[in-house]
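What follows is each chain in one-letter form.
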Amino acid sequence: MKPIYLDNAATTKIDIEVLNLMHVSMQENFGNPSSTHQFGRKAKSAVETARKNIAKHFNVTAPEIIFTAGGTEADNLILNNAVLNLGVQRIITSKIEHHAVLHTAEFLQRTQNIILDFINVDEFGAIDLNHLEEILATSDKKTLVSLMHINNEIGNILPVDEICVLCKKYNALFHSDTVQVIGHYALDLQKYPIDFIVASAHKFHGPKGVGFAFFKKGFGVLPMFYGGDQERGARSSTENVHSILGMDKALTIAMSNLESDTKYIENLKQYFITELLNISADIQFNGRSSDFKKSSYTILNVRFPVNNDMLLFSLDMAGIAVSGGSACQSGSNKGSHVLAEILKDQEADKTSVRFSFSKFTTKEEIDTTIIKLKELLD
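The structure displayed is predicted, hence computed values, not measured ones. Throughout, residues of each chain are indexed from 1 in the direction in which the sequence is written. Totals for whole chains, interfaces and linings use all residues, but because this is a predicted model, local features are given only for residues with pLDDT of at least 70 and pairs of side-chain atoms are given and counted only at 80 or more. Side-chain metrics in this entry use all non-hydrogen atoms of the structure; hydrogen atoms and water are not considered.

Asks: Quick question: what am I supposed to make of helix 6 (residues 160-169) here?
Replies: Structural remark: α-helix, 3.6 residues per turn; residues separated by three or four positions point the same way. For every residue, the accessible area (1.4 Å probe, protein chains only) is compared with the maximum for its type, and the residue is labelled buried under 20%, exposed over 50%, or partly exposed between those bounds. Every helix listed is a DSSP run of H or I at least four residues long, and every strand listed is a run of E at least two residues long, numbered separately from the N terminus. Within helix 6, the full set of buried residues consists of Val160, Ile163, Cys164, Leu166 and Cys167. Projected onto a plane normal to the axis of helix 6, the buried residues spread over an arc of 165° and lie on a single side. Opposite the buried face of helix 6, at more than 90 degrees from it, the exposed residues are Val165, Lys168 and Lys169. It only takes one pair of heavy atoms within 4.5 Å for two residues to be counted as in contact. In this structure, the buried residues of helix 6 make contact with helix 5 (129-137), strand 5 (143-146) and strand 6 (173-176). Following helix 6 by one or two positions, Asn171 has its phi on the positive side, about 55°. The arc in question is the one spanned by the directions pointing from the helix axis to the C-beta atoms.

Rendered as structure tokens:
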């Protein structure tokens, strides 16, 4: 059987147009952007054009975009800058954030003595906005609120408009891990005044090892490591030219086809939900992942009415790639910290699987997966 890939929240297949562009760039655009000769100037011009193109998608200016090696570095860059450069003394976040945020915030608490507060979440993984306001109102210390726009495990969509209002009311900075948003949703940062966002190209059919951080104009950026003046002094390291151009191309393709791709993937997800419930009415969905108004159309986190430690392994042996939690922890025996936070003991004892879809997913692949799941559950 041809392998079936349903783990697109972990990474996506690179688009052939992106691959072709990068191949040409590797052959023809090999200069170091820091060099002053024509080869360097050509590379520098290509990088800056990509920066301008990317900035336009978010209605921001090119200097506000800083290229990184991906979302994790971008999150680290932002949180460290907030504390070490912008005077933040308190971080408010939740226990269902990506570890790029959680572990960084915990590190800053240990080393910089910042206050670290956690917002309550309900059994569906929804942020308690009333609790957020209560915490914001308890102190006048400079505060950063860090909440992910779309949760990478359960797909919940954060009400960023309401978070922006609260942050403005209490003069707090707002950082959002938008890795699962970029390339899948339009995001106008003039409409939603978020101070910091992040992106990782491989989440929207671009190359791995490249992403960006957005710093709203007016914030200086203290580099995390030293050795050069690249990225206007914000990130020392020769620019990953070919991957930056690939990211620009992937984002352009994604935004150009956003409406049609969204409709196509939404239909696949709805079909999959229907077919799953035909297998068993006892199948449930974690978080708000089955609610199309409150979750990403690309992610479905399914809780099966069994305790079957072999289910993921059996699907893999059948050629079907899925995830039991965040693939960023693949290879470890740790369970999902997100599901551990929101599920009751009897629910957490059941087997949960994250399925995630892309424009390359087909209905035939969904049908094959349903057939295999029925066999395994029977």
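Asks: Please clarify how the sheet that holds strand 6 should be interpreted in this entry.
Replies: Following DSSP output, two strands are said to pair if at least two bridges run between them. If you trace the 7 strands from one edge of the open sheet to the other, you get 2-8-7-6-5-3-4, paired in mixed fashion. Across the chains shown, the open sheet's two edge strands, defined by having one partner strand only, are strand 2 (65-68) and strand 4 (115-118). Neighbouring strand axes in the sheet, compared pairwise and without regard to direction, differ in orientation by 20° on average. Where strand 7 (residues 196-200) lies against strand 8 (residues 211-215), 5 bridges are found, and the strand directions are antiparallel. Residue pairing in the sheet places Phe196 in a bridge with Phe215 of strand 8. The axes are straight lines fitted to the C-alpha atoms, using for helices just the contacting stretch, and the angles between their N-to-C directions are given from 0 to 180°.

Asks: Help me understand the domain arrangement of the protein in this model?
Replies: Interfaces are often described in size by the accessible area the parts lose on coming together. Segmentation into domains, and thus their bounds, comes from an automatic or database assignment. Per the domain assignment, the segments of the protein are domain 1 (4-12 + 258-377) and domain 2 (16-252). Here domain 1 and domain 2 have C-alpha centroids that lie 27 Å from each other. At the interface, 31 residues of domain 1 touch 30 residues of domain 2. Summed over both sides, the interface of domain 1 with domain 2 buries roughly 2600 Å², with 53% coming from carbon and sulfur. Buried area adds together the accessible area that both of two parts lose upon being put together, with accessible area traced by a 1.4 Å probe. The largest share of the area that domain 1 buries against domain 2 comes from Thr12, His337 and Ile342, three residues that together contribute 21% of it. Throughout this description, the term salt bridge denotes a Lys or Arg side-chain nitrogen within 4 Å of a carboxyl oxygen of Asp or Glu. The interface formed by domain 1 and domain 2 holds 0 salt bridges in total. Distance and chemistry together define a polar contact, namely a pair of N or O atoms within 3.5 Å, with one atom able to donate a hydrogen and the other to accept it when in protein, and with adjacent residues in sequence counting only for side-chain atoms on both sides. Inspection of the region where domain 1 meets domain 2 yields 16 residue pairs in polar contact (both at pLDDT 80 or more).

Asks: Help me understand the packing of helix 2 (residues 38-57) against helix 7 (residues 241-256), please; the structure alone is not making it clear to me.
Replies: Packed helix pairs are specified by the crossing angle of their axes together with the interaxial distance, meaning the distance between the axes. Helix 7 packs onto helix 2 with a crossing angle of 30° between their chain directions and a minimal axis gap of 9 Å. As the angle between them shows, helix 2 and helix 7 are arranged roughly parallel. Considering how the two elements wind past one another, helix 2 and helix 7 form a crossing that is left-handed. Along the contact surface, helix 2 presents Ala43, Ala46, Val47, Ala50, Asn53, Ile54 and His57, while helix 7 presents Val241, Ile244, Leu245, Met247, Asp248, Leu251, Thr252 and Met255. For this classification, the nonpolar set comprises Ala, Val, Leu, Ile, Met, Phe, Trp, Tyr, Cys and Pro, the charged set comprises Asp, Glu, Lys and Arg, and every other residue, Gly included, is treated as polar. Split into classes, the residues belonging to the contact of helix 2 with helix 7 amount to 11 nonpolar, 3 polar and 1 charged. Note on terminology: angles under 35 degrees are roughly parallel, angles over 145 are roughly antiparallel, angles of 65 to 115 are roughly perpendicular, and the others are oblique. Working rule for handedness: look at the near helix, and if it is turned counterclockwise from the far one by less than a right angle, call the crossing left-handed; if clockwise, right-handed.

Asks: How should I be thinking about the pattern of salt bridges in this particular structure?
Replies: Once the charged atoms of two side chains with opposite charge are near each other, the side chains can pair. Scanning all chains against the criterion turns up 15 salt bridges. A salt bridge links Glu17 to Lys249, with the nearest nitrogen and oxygen atoms 3.7 Å apart. Placement of Glu17 in helix 1 (residues 16-28) and of Lys249 in helix 7 is noted, with a sequence separation of 232 residues between them. Among the residues examined, Glu17 registers a relative accessible area of 42% and is labelled partly exposed. When its relative accessible area of 27% is taken as the criterion, Lys249 is described as partly exposed. Members of the salt-bridge network, linked through shared partners, are Lys44, Glu48, Arg51, Glu231 and Arg232.

Asks: What exactly am I supposed to notice about the side chain of Glu73 here?
Replies: With respect to the helices, strands and loops of the structure, Glu73 is situated in helix 3 (residues 71-84). Classification of Glu73 as buried rests on a relative accessible area of 15%. Among the polar contacts listed, one links the side chain of Glu73 to the backbone nitrogen of Ala69, at a separation of 2.8 Å. Those residues in contact with Glu73 that sit more than four places away from it in its chain are Thr68, Met224, Phe225 and Arg235.

Asks: Explain the confidence of the model for the protein here, please?
Replies: If pLDDT is low for a region, its predicted coordinates should not be looked at in detail. Confidence of the predictor at the level of single residues is given by pLDDT, which spans 0 to 100. Here the protein averages 94 in pLDDT, while 97% of its residues score no lower than 70. Scored below 50 in pLDDT, residues 326-333 makes 12 contacts in the model with residues more than four places away or belonging to other chains.

Asks: Teacher, can you tell me more about the environment of Glu275 here?
Replies: With respect to the helices, strands and loops of the structure, Glu275 is situated in helix 8 (residues 258-279). For the pair formed by Glu275 and Ile135, sequence separation is 140 residues and the distance between their alpha carbons is 43 Å.

Asks: Would you mind going over a nonpolar patch on the surface with me for this structure?
Replies: Exposure above 30% relative accessible area and no salt bridge define the residues that can form patches, which grow by joining like charges within 9 Å and nonpolar side chains of Val, Leu, Ile, Met, Phe, Trp and Tyr within 5 Å. The accessible surface values rely on the Shrake-Rupley method and a 1.4 Å probe; as for residues, cover is taken only from the protein chains in view. Side chains of Leu84, Leu222 and Tyr226 sit close together on the surface and give an oily, nonpolar patch of about 320 Å² of accessible area. Residue placement: Leu84 occurs in helix 3.

Asks: It is not clear to me how the packing of helix 3 against helix 4 (residues 99-112) should be interpreted in this structure. Could you clarify?
Replies: Packing of helix 3 against helix 4 leaves a shortest axis separation of 9 Å and a crossing angle of 30°. Comparing the axis directions of helix 3 and helix 4 gives the class roughly parallel. As for how helix 3 packs across helix 4, the hand of that crossing is right-handed. Mapping the contact onto sequence places Thr72, Asp75, Asn76, Leu79, Asn80, Val83 and Leu84 in helix 3 and Ala100, Val101, Thr104, Ala105, Leu108 and Gln112 in helix 4. A class-by-class count of the residues in the contact of helix 3 with helix 4 yields 7 nonpolar, 5 polar and 1 charged.

Asks: Is there a simple way to think about the packing of aromatic side chains in this case?
Replies: Aromatic ring pairs are reported here in terms of the distance separating the ring centres and the angle at which the planes meet. Aromatic pairing here means that ring centres of Phe, Tyr or Trp (its six-membered ring) are within 6.5 Å. Orientation follows from the plane angle: under 30 degrees is stacked, over 60 is edge-to-face, and everything else is tilted. Across all of its chains, the model carries 7 aromatic pairs by this definition. Chaining the aromatic ring pairs together yields one cluster made of Phe196, Phe215 and Phe219. Note on criteria: charge over ring means Lys NZ or Arg CZ within 6 Å of the ring centre, with the direction from the centre no more than 35 degrees off the ring normal. Positioned over the ring face of Phe292 is Lys269, at 5.1 Å from the centre of the ring. Lying across the ring of Phe124, Arg288 places its NZ or CZ 3.9 Å from the centre.

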